[in-house]
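Listed below are the residues making up each chain.
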Amino acid sequence: MMDNSSWMTMYPEIVLLVMACVVTLADLFVKSPQRTGTYVLTLASLAGVALLHAFYADAGQTLYGFGRMVVSDPMGHWLKCFATIAVMVTLVYSRPYAADRDMLRGGEIFSLSLFALLGMSMMISGQNFIVIYLGLELLTLSSYALVALRRDHTQATEAAMKYFVLGAMASGFLLYGMSMMYGATGSLELSAVLKAIASGQVNHQVLVFGLVFIVAGLAFKIGAVPFHMWIPDVYQGAPTAATLMIGGAPKLAAFAILVRLLVEGMLPLAFDWQQMLALLAIASLLIGNLAAIAQTNLKRMLAYSTISQMGFVLLGFVAGVINGETTLAANAYSSAMFYMVSYVLTTLAAFGIIMLLARQGFESEEITDLAGLNQRSPLYAGVMAICLFSMAGIPPMVGFYAKLSVLQSLVASGQAFYMGLAIFAVILSLIGAFYYLRVVKVMYFDEPVTATTVSASLDVRLVLSTNGLLVLVLGIFPGALMALCADSIVRMLAV
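Residues numbered from 1 in each chain as written. Predicted model: local features only at pLDDT ≥ 70, side-chain atom pairs only at ≥ 80, totals over all residues. Heavy atoms only, no water.

### A word on the pattern of salt bridges
Rule in force here: We count a salt bridge whenever a side-chain nitrogen from Lys or Arg sits within 4 Å of a carboxyl oxygen from Asp or Glu. Think of it this way: any DSSP run of H or I at least four residues long counts as a helix, any run of E at least two long counts as a strand, and we number them from the N terminus.
One pass over the structure, following the stated rule, counts ten salt bridges. Between glutamate 264 and arginine 260 there is a salt bridge, and its shortest N-O distance comes to 3.2 Å. Here glutamate 264 and its partner arginine 260 are both found in helix H12 (residues 250-264), four residues apart, which amounts to about one turn of the helix. Between aspartate 446 and lysine 441 there is a salt bridge, with the nearest N and O atoms lying 3.1 Å from each other. One salt-bridge network, in which partners are shared between bridges, spans Glu158, Lys162, Asp233 and Arg300.

Following this line, the structure appears as structure tokens:
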């Protein structure tokens, strides 16, 4: 029998699981083709879960439960809070789009989104290889179904198949690496793995062999080069609602398992995994930015943009440990966390605009489809421009400060190699700015290809406007969010 502290660590997840089941059952009795009842119940459930996570995070406690298989700490709760809000925003943007494409026929989009969020929460809370893997599989299985939800669409079905095959291979890599670590250290619990590695009594070659597979599996999940091949095809082929569902909130969970596995579980091996992440970051920045220039499809361009953005996140992990010293760890990892949160916020608004411009029988996916958007709707053109400027790292958007904080963590190391990485990242960011500014040019200076007015429901307009405003405001006043990330990482490292 578990004590109360065990259940306290998982109260928000228990509420989420119960509400996911309630939403699934309640949807059977909803007759509206718009699924209004299911939609409202889902958003209300997510709002409650987000408040619970915020309350737990603000308490600042670190609790372990279920035999140290899960952890409740400020970093985890803030990431889960942000992920829950991201799923809420995704559903608000997605509902009109999904209704026009007959994706609300059975209401699965709502229940699958809740189960995907539950998987993310398990990944973020996991202190045990099995819990992390189970959370990852719950997320990926829900994501496969979301991508294939548009049953009569050939491209979506093809994207789901590619995602399934490559996702299964990535899961195999990760599972094999975890099994190697278990064989070498004799434990599935991250703190015990950390102690075993730190003792120096485990064969280093076996540890590195397992580490290679774990890093490869993680690289697949975040889409780092050379494990990026699924991202462009899935982003383009999936319904845009599903693209945002797999390209938004799950990135926060991916950041969490990078921290849990590599920092909390394998910090003594930092010299080895930092070299691997540095190579992945260099390749991701190079391939992501150069390949994006050649794209004419906006979703595919944003897919390659995601690859380059993940390269920046990995740079934040590279400079955490210098010559065995962890004095820069909090600064480096908090900058990576800030970058990931700001990236997800920007991605939500960008794909929200793409879904808003789409209409029944027409997907607004080509860059040319945004021609003259400023003449059709200055508000939505402005929101999209803010997002593109942020991704390019142009001040005063939040993306600029995110890039600056990562570069600052590299420069603070004082090492020539890290200084070189920072310079390389700046050069590639300048190259990458071209394809973002190209879209802005199309929106503001090209003639509209259609005179169709852009209309949206009140909830979509309010959320999209707030989303775009936050990208700007958090860039001008980044201190509060940066302090939150820094405090969360410091508390995590102090345990």
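### Structural notes on the confidence of the model for the chain
Atomic detail in the predicted coordinates should be set aside for any region of low pLDDT. Here is the rule: Confidence of the prediction at every residue is given by pLDDT, a number between 0 and 100.
Residues of the chain with pLDDT of at least 70 account for 97%, and the chain-wide mean is 88. Taking the mean pLDDT of every element in the chain, the minimum, 65, falls on helix H1 (residues 4-8) and the maximum, 93, on helix H13 (residues 270-293).

### A short note on the side chain of lysine 221
Rules: Each residue gets one of three labels from its accessible area relative to the maximum for its type: buried under 20%, exposed over 50%, partly exposed in between, using a 1.4 Å probe on protein chains only. By the counting rule applied here, Lys and Arg register as positive and Asp and Glu as negative, while His and the ends of each chain are not counted. Two residues form a contact once any of their heavy atoms are found within 4.5 Å.
By secondary structure assignment, the location of lysine 221 is in helix H9 (residues 204-222). Within the buried set, lysine 221 has no salt-bridge partner at all; the shortest N-O distance to an opposite charge, 5.1 Å, is to glutamate 137. Residues contacting lysine 221, with those up to four places away along its chain left out, are Leu136, Thr140, Gly167, Ala170, Ser171 and Trp230.

### Quick word on helix H15 (residues 329-357)
Spelled out, the test is: Helix span is expected to be 1.5 Å times the residue number reduced by one.
Helix length check: H15 (29 residues) gives 43 Å between terminal C-alpha atoms against 42 Å at 1.5 Å per residue, within 8%. Burial of H15 is extensive: 27 of the 29 residues sit out of reach of the surface.

### Quick look at unusual backbone geometry
The step from valine 225 to proline 226 runs through a cis peptide bond, and the omega angle for that step is 10°. Omega for the peptide link from proline 395 to proline 396 comes to 5°, which places this bond in the cis form. Phi is positive for phenylalanine 66, close to 55°, though the residue is something other than glycine.

### As for the packing of aromatic side chains
Convention followed: Pairing of aromatic side chains here covers Phe, Tyr and the six-membered ring of Trp, requires ring centres within 6.5 Å, and sorts the geometry by plane angle: under 30 degrees stacked, over 60 edge-to-face, intermediate tilted. For a ring to carry a charge above it, either NZ of a lysine or CZ of an arginine must fall within 6 Å of the ring centroid while also lying within 35 degrees of the normal to the ring plane.
This structure, assessed with the given rule, holds 18 aromatic pairs. Taking 5.4 Å as the distance between ring centres and 80° as the angle between the ring planes, the aromatic pair formed by tyrosine 144 and phenylalanine 164 counts as edge-to-face. Remark: phenylalanine 164 occurs in helix H7 (residues 154-185) and tyrosine 144 occurs in helix H6 (residues 129-147); sequence separation between them is 20 residues. Of the residues examined, tyrosine 144 reaches a relative accessible area of 10% and is grouped as buried. Residue classification places phenylalanine 164 among the partly exposed residues on the basis of a relative accessible area of 43%. An aromatic cluster is built from Phe173, Tyr176, Phe209, Phe213, Phe220 and Phe227, whose rings are joined through pairwise contacts. A cation sits over an aromatic face here: arginine 68 above tyrosine 64, 3.9 Å from the ring centre. Over the aromatic face of phenylalanine 312 sits the side chain of lysine 403, whose NZ or CZ is 5.0 Å from the ring centroid.

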